[in-house]
Amino acid sequence: MCSSDLIRIAFYERFEELCRQLGLVRPTTQTQREFALAVGPRIRQVIESPDGLPELPPRLVEFFYRARFGDEELSPPVIDELNRDMSALEQALKKPRRR
């Protein structure tokens with residue numbers, strides 16, 4: 001894997017790190033897609049967001065699979081969007097959910 005490959009999947013590594021901060025760790029026996037589906041409900045419990053952030057994990061994984069296994073070169077605008085979404089998710093997780 002060359003350095004450009006590492007850049008292409010950095011957004012997914014960022015996602016897994018964010019999940020680890022919530023106590024959600026992907027077992028080695030679990031695929032990235034299975035992990036995204038498993039953490040989605042937990043993220044929905046933690047944040048209140050009308051802008052689609054709880055639906056972010058499956059979308060991140062789709063782009064991860066395209067880059068990692070489909071050998072697709074993600075465009076800079078796509079990577080920028082994913083990074084913006086990750087930043088928004090990080091901010092949303094810092095705010096307590098209103099009850």
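Residues numbered from 1 in each chain as written. Predicted model: local features only at pLDDT ≥ 70, side-chain atom pairs only at ≥ 80, totals over all residues. Heavy atoms only, no water.

Tallying each qualifying case throughout the model produces eight salt bridges. Here Arg 26 ties to Glu 16 by a salt bridge, and the two come within 2.7 Å at their closest N and O atoms. Separated by 10 residues along the polypeptide, Arg 26 in the loop between helix 1 (3–21) and helix 2 (32–46) and Glu 16 in helix 1 bring together distant segments of the chain. What makes Arg 26 partly exposed here is its relative accessible area of 24%. Among the ionic contacts, a cluster of salt bridges with common partners joins Glu 16, Glu 17, Arg 20 and Arg 26. (Salt bridge = Lys/Arg side-chain N within 4 Å of Asp/Glu carboxyl O. Helix = DSSP H or I, 4+ residues; strand = E, 2+ residues; numbered from the N terminus. Buried < 20%, exposed > 50% of the residue type's maximum accessible area, 1.4 Å probe, protein only.)

We note that Asp 71 has phi near 55 degrees; this positive angle belongs to a residue other than glycine. A relative accessible area of 62% places Asp 71 in the exposed class.

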